[in-house]
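Understanding the architecture of this molecule
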Amino acid sequence: MPPIDCEDQELLDGFLAETTELLEKLDDDLITLEKDSDDTELMNRIFRSIHTIKGASSFLGFDLLVKVAHKTEDVLNRLRKGELVVTPEIMDVILEATDLVKILVSDIKAGDIQERETEGTINKLLPFLTVAAAAVVQPPLQPTTATEPVVTPPSVTPSSEPAAAPEAVADSAPSQPPGAAPLPVPKPAADAPKKTAPPPKPVQGKGGGDDLSDNTTVRVDVKRLDDLMNQVGELVLERNRMIQINQDLQQNEVNRVDFNEDFGKLTKRMSFVTSELQMQVLKMRMLPVEKVFKKFPRIVRSMSRDLGKEVDLQIVGEETELDRSVVDEIGDPLIHLIRNAMDHGLETPEERLAAGKSRGGTLVLAAVHEGNQIIISIKDDGRGIDTERVGRKAIEKGLITEEQFTAMGQREVFDLLFLPGFSTKEKATDLSGRGVGMDVVKTNIKKLNGLIEIKSTKGAGSEFILRLPLTLAIIQSLLVEVVGEIYSIPLSSVLETIRVDQRKFHLIGGQEVLKLRDIVLPLIRLQKVFNVQPRGETEDFCYVVVVGAAEKRMGLVVTRLVGQQEVAIKSLGNYLANIPGIAGSTILGDGRVALIIDPVAMSEVFE
Amino acid sequence: MQNALVPVKADATHDELIQLVSFNLDQEEYGVDVLKVREIIRMPVVTRVPNTPHYVEGVINLRGKVVPIISMRKKFGLIESENDKQTRIMVMDMDGELMGFIVDAVSEVIRISGSEIQPSPAMVAGGIDQECIAGVINQAERLLVLLNLEKMFSRDEKNMFTGM
């Protein structure tokens, strides 16, 4: 079969989109299958996915892909028929094969089809086709003529396979070494160009094909699109109404009272329609957090095998939706937190039994909406954070002094975990211990204007709670006045606002602080940080906006609170991109520009 | 369009016509390539941006886009003056980013041939950086300094903007 020379881009795009989607689901399904191997429906679904991939790629002439998919399919087929039983070993191989398929697909996506070494993986699959000698595996349905020579019947012994294979690869691969005409039947007297084809590149490390997902296109529910169209229709009506009112006004056909009333009504309807519209568009940008979460069962599985721990990962609220921009950023921090929980938090089965717990640990990954925030928590029932040990380690590393430690509350001790380079592990392992992880978590969460909270009970487990804004494009903000200048503070970082007498401020080591209930809150005077020229005498009373950035809390001293407003974030452009304490700008109702304060950077200015 | 820029940059002996926008700053006349000027506007409300170099006047709202504003007088070390009716902001395209420059007045668009551009004299008084002077146009009645504003911010300054 001649390979399609990919001029039919549409066909190829369709293939890639479909395959990518199938592969994303496949990982998750495979893990589920391992836990529950009796689920025939699931089994069939997996089989169908891989079969579809094989069918489509053979149609398009991606022979390398067909080969791998085909063998995987054969193994799955035997599992399906009950000729084989699902074991972790089989799963390992199937997962490896899936990874290889991902790599091959991403090659195709990149438009750079390479000859990759597929034999290693295929050879691992083969034993599962030949054991239990009975079965003759028939390639179901799909006559894959092009690959027929490659698909060695299982009767051939595995040992003879490697020898035959490399030749077959060179022949059937649709990749374009110059002059290598795709030949359906391997000729022994292969022409020269084939021999000079570049040696197959080794398959990249595990998970090399992870980043298949494409972020340039969106799938939108048709219903949502219809709703959007409705809203736009209404907006057009309101616009016409506005034009009418304006015309009447120009021609002096209305009296003042009527105009006021009409215009007032119009304003209300306009604001209603636009906010509906905003919600609709926002919803379209939303993705279920599942997109990130579904990677984790796989990670947890391989980690628990590596660590020799038994872990039951429970995922709650994966349908919770959040903005694409946020989804793209939370993957990394979550991986770190999960690693930490598995490596530091959960104990080995023996330790757990000794502590009177069940053998297997539980890791709960949950997502839930709360107001305009999303809360993601990672909770384990492991050993919890040993504040004593954390403190000792911090002293040992010279991060804090003995006196500082004794003065610290549990909260402050937990904050130590976020210091770069901090690790309680004696030795760094593959998984954790270099002290980078929590720093990454902190940085990414800060970038998203999020907050981190740690709850932990020694011996009973820990919980890391991330609070993230739903979107980064339009935010709720608190407008404040600093001696005549208006600034905007993202409401997601505002914890509370208080009106206080300046005489109640205390000075500790040159740092102004405020005693707020049981905590001592460091204060930052925005007037000083932003060099605002003072006007007239300062008043006794001022407002303190308590903000949180990742794990930090502080108070921003402002002159007056102006109000709460939904604002669209505008960038300040490259030239003014990195002004300390400023995250961006926004345009107020009166057309003026107001700067958005970055509580994160503010905390660093303060450091 | 592309060709029009070449003589200014490379060698000024070509006879190709180029168009310049001329503007005034402290009694002197300057010119910039017309293709770099996006628009010329009156002074709107400028929002001050803290912790920036002194010549950054702030940012403005240009039909929904936030554009930084530079005071040419401050940047070139000239005496500051009150804004008046003549004061304009020239919004320029600087490597794909918009940036506004406050000038005393914008006068006209002139055509000159590339051969009229002379290299700038070795010593130029005032605080204007040699770097951003692309040449001098010496006509009978006027002397016009041709600026290349993209060179206005030295590497250090750009770093200061972005690396602070």
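Within every chain, residues take consecutive numbers counted from 1 along the sequence as written. Going through the entries in the order they are written, you letter the chains from A and number the ligands from 1. Only residues with pLDDT of at least 70 get local features here, since the model is predicted, and only at 80 or more are side-chain atom pairs given and counted; chain-wide, interface and lining totals rely on the full set of residues. Side-chain numbers come from the whole structure's heavy atoms, not from hydrogens or water.

Quick notes on the overall build of chain A
Applicable threshold: Helix and strand definitions here come from DSSP, where helices need a minimum of 4 consecutive H or I residues and strands a minimum of 2 consecutive E residues; each element is numbered from the N-terminal end. The buried label applies to any residue whose accessible area, calculated with a 1.4 Å probe on protein chains only, is under 20% of its type's maximum; exposed applies above 50%, and partly exposed to all values in between. In this description, contact between two residues means that some pair of their heavy atoms is separated by no more than 4.5 Å. Under the convention used here, a 1.4 Å probe and the Shrake-Rupley method define accessible areas, while residue burial counts only the protein chains that appear.
Helix and strand content of chain A: 19 helices and 18 strands. Considering chain A as a whole, with its 607 residues, one finds that 46% of them fall into the buried category. Contacts spanning at least 24 positions in sequence make up 71% of the contacts within chain A whose residues lie at least 6 apart. When the accessible surface of chain A is totalled, it reaches about 30,100 Å², and 54% of it is carbon and sulfur.

Side note on the confidence of the model for chain B
Residue and element names in this part refer to chain B. Formally: Every residue carries a pLDDT, the predictor's confidence in it, which falls somewhere between 0 and 100.
Summary statistics for chain B give a mean pLDDT of 79 and a share of 78% for residues scoring 70 or more. Here helix α1 (residues 2-9) stands out as the least confident element of chain B, with mean pLDDT 43; strand β3 (residues 37-42) is the most confident, with 92. Residue range residues 1-13 is modelled with pLDDT below 50. Its contacts to residues more than four positions away, or to other chains, number 19 contacts.

A look at the sheet that holds strand β9 (residues 485-490) of chain A
Residue and element names in this part refer to chain A. Rule in force here: Two strands make a pair as long as DSSP finds a minimum of two bridges between them. Comment: axis = line fitted to C-alpha atoms, over the contacting stretch for helices; angle = value between 0 and 180 degrees taken between N-to-C directions.
Taken together, 5 strands build an open sheet; the order of strands is β16-β8-β9-β18-β17 and the sheet is mixed. The open sheet terminates on both sides in strands that have one partner only, identified here as β16 (560-568) and β17 (582-587). The average undirected angle you get between the axes of adjacent strands in this sheet is 35 degrees. As paired elements, β9 and strand β18 (residues 593-597) share 2 bridges and run parallel to each other.

A short note on the interface of chain B and chain A
What counts is decided by this rule: As a working definition, buried area equals the accessible area (1.4 Å probe) given up by two parts on being put together, with both sides summed. Whenever a carboxyl oxygen of Asp or Glu lies within 4 Å of a side-chain nitrogen of Lys or Arg, that contact is scored as a salt bridge. In the analysis that follows, any N or O atom pair within 3.5 Å is treated as a polar contact, provided that within protein one partner can donate a hydrogen and the other can accept it, and provided that, for residues neighboring in sequence, both atoms belong to side chains.
Across the boundary between the two partners, chain B contributes 25 residues, which contact 24 residues of chain A. Buried area between chain B and chain A, summed over both chains or domains, comes out near 2,100 Å², and the portion from carbon and sulfur atoms is 60%. One salt bridge connects Glu485 of chain A with Arg48 of chain B, and the closest N-O pair in it is separated by 2.7 Å. At the surface where chain B touches chain A, the tally comes to 7 residue pairs in polar contact (both at pLDDT 80 or more).

Quick notes on the sheet that holds strand β4 (residues 361-370) of chain A
Residues and elements named next belong to chain A. One open sheet accounts for 5 strands, arranged β2-β4-β5-β7-β6; its pairing is mixed. One side of each edge strand has no neighbouring strand; the edge strands of this open sheet are β2 (311-316) and β6 (451-457). This sheet shows a mean twist of 15 degrees between the axes of neighbouring strands, independent of strand direction. The sheet contacts of helix α11 (residues 296-307) involve β2 and β4, and relative to β2 the element is tilted by about 165 degrees. In this fold helix α17 (residues 437-447) packs onto β6 and β7 (461-469), with an angle of close to 140 degrees to the strand it touches most, β6.

Concerning the pattern of salt bridges
Residue and element names in this part refer to chain A. Under the criterion given, the structure shown has 32 salt bridges over all chains. Arg298 is the partner of Asp99 in a salt bridge, and the nearest nitrogen-oxygen pair spans 3.0 Å. Here Asp99, found in helix α4 (residues 88-109), pairs with Arg298, found in helix α11; they are 199 residues apart in sequence, far enough to count as distant. Assessed through its relative accessible area of 14%, Arg298 is described here as buried. The partner of Arg517 in a salt bridge is Glu496, with the nearest N and O atoms 2.6 Å apart. Linking Arg517 in the loop between β12 (511-516) and β13 (519-525) with Glu496 in strand β10 (residues 494-501), this pair joins segments that are 21 residues apart in sequence. Overall, the relative accessible area of 62% leaves Arg517 in the exposed class. On the basis of relative accessible area, Glu496 is assigned to the partly exposed category, the value being 23%.

Structural notes on α11 of chain A
All names here are of chain A. Worth spelling out the cut-off: To estimate the expected span of a helix, count its residues, drop one, and scale the result by 1.5 Å.
Relative to the 16 Å expected for 12 residues at 1.5 Å per residue, α11 spans 16 Å between its end C-alpha atoms, a close match to the ideal helical length. Buried within α11 are the following residues: Phe296, Pro297, Arg298, Val300, Arg301, Met303 and Ser304. Packing partners of the buried residues in α11 comprise α1 (9-35), α4, α10 (290-293), β2, α12 (324-345) and β4. Gly308, located one to two residues past α11, shows a positive phi value of around 70 degrees.

A few points about the environment of Val413 of chain A
All names here are of chain A. By secondary structure assignment, the location of Val413 is in helix α16 (residues 410-416). Judged by its relative accessible area of 3%, Val413 is buried. As for Val413 and Ile385, which are separated by 28 residues in sequence, their C-alpha atoms are 9.8 Å apart. Excluding residues within four positions of it along the chain, Val413 makes contact with Thr387, Val390, Phe405 and Met408.

Brief notes about the nonpolar core
Let me state the cut-off plainly: By nonpolar core we mean a set of buried residues, namely Ala, Val, Leu, Ile, Met, Phe, Trp, Tyr and Cys, connected to one another through side-chain atoms within 4.5 Å.
Leu556 of chain A together with Met72, Phe101 and Leu147 of chain B are the most contacted members of the largest nonpolar core, which totals 54 residues. Dropping the residues within four chain positions of it, Leu147 of chain B is found in contact with Phe23, Tyr30, Gly31, Val32, Met72, Phe76, Cys132, Ile133 and Ala134 of chain B. In terms of nonpolar packing, the next biggest core, distinct from the first, is built from 46 residues, Val300, Met342, Val390 and Ile445 of chain A among them.

Remarks on a nonpolar patch on the surface
Residues and elements named next belong to chain A. This is how it is decided: Grouping into patches uses exposed residues only, defined as over 30% relative accessible area, and leaves out salt-bridged ones; the cut-off is 9 Å for like charges and 5 Å for nonpolar side chains (Val, Leu, Ile, Met, Phe, Trp, Tyr).
Residues Val218, Val220 and Leu225 make up a contiguous nonpolar surface patch of roughly 230 Å² in combined accessible area. Take Leu225: it is sitting in helix α8 (residues 222-250). We classify Leu225 as partly exposed; its relative accessible area is 46%.

Thoughts on helix α14 (residues 387-396) of chain A
All names here are of chain A. The cut-off we apply is this: This arc corresponds to the set of directions leading from the helix axis out to the C-beta atoms.
Buried residues of α14: Val390, Gly391, Lys393 and Ala394, and no others. Angular distribution of buried residues about the axis of α14 spans 165 degrees; they occupy a single face of the element. Where α14 is buried, its residues meet α15 (402-407) and α16. By the N-cap criterion, in which a side-chain oxygen at the helix start approaches the backbone nitrogen of a residue two or three places on, α14 is capped by Asp386, the distance to Glu388 being 3.2 Å. At the exit of α14 stands Gly398, carrying a positive phi of roughly 75 degrees.

Things to note about the environment of Lys54 of chain A
Residues and elements named next belong to chain A. Along the polypeptide, Lys54 turns up in helix α2 (residues 40-60). On the accessibility criterion, Lys54 (0% relative accessible area) is buried. Sequence separation between Lys54 and Lys67 is 13 residues; the distance between their C-alpha atoms is 8.1 Å. A distance of 3.4 Å separates polar atoms of two side chains, one belonging to Lys54 and the other to His70.

Remarks on the side chain of Ser456 of chain A
All names here are of chain A. Checked against the element boundaries, Ser456 lands in strand β6. When its relative accessible area of 11% is taken as the criterion, Ser456 is described as buried. A polar side-chain atom of Ser456 sits 2.8 Å from the main-chain amide nitrogen of Ile385. Those residues in contact with Ser456 that lie beyond four places of it in its chain are Gly384, Ile385, Gln410, Phe414, Gly461 and Ser462.

A closer look at the pairing of β12 of chain A
Residues and elements named next belong to chain A. Pairing between strand β11 (residues 506-508) and β12: 3 bridges, direction antiparallel. From the neighbouring strand, Ile508 faces β12, where its bridge partner is Gln511. Linking β11 back to β12 in an antiparallel pair, the connection comprises 2 residues, with Gly509 at a positive phi of about 55 degrees. Strand direction decides the pairing type here: β12 and β13, joined by 4 bridges, are antiparallel. Paired with Leu514 across the two strands is Leu521, which belongs to β13. Linking β12 back to β13 in an antiparallel pair, the connection comprises 2 residues, with Arg517 at a positive phi of about 50 degrees.

Focus on the packing of α8 of chain A against helix α9 (residues 256-285) of chain A
Residue and element names in this part refer to chain A. Worth spelling out the cut-off: Here is the rule for angles: anything less than 35 degrees is roughly parallel, anything more than 145 is roughly antiparallel, 65 through 115 is roughly perpendicular, and the remaining ranges are oblique. Note on convention: the crossing is left-handed when the near helix lies turned anticlockwise from the far helix by less than a right angle, right-handed when the turn is clockwise. Note on residue classes: Ala, Val, Leu, Ile, Met, Phe, Trp, Tyr, Cys and Pro are nonpolar, Asp, Glu, Lys and Arg are charged, and everything else, Gly too, is polar.
Following both chains from N to C, one finds α8 and α9 inclined at 155 degrees, their axes separated by 9 Å at the closest point. With respect to α9, the axis of α8 lies roughly antiparallel. Along this stretch, α8 crosses α9, giving a crossing that reads as left-handed. In the contact of α8 with α9, the residues fall into 15 nonpolar, 3 polar and 9 charged.

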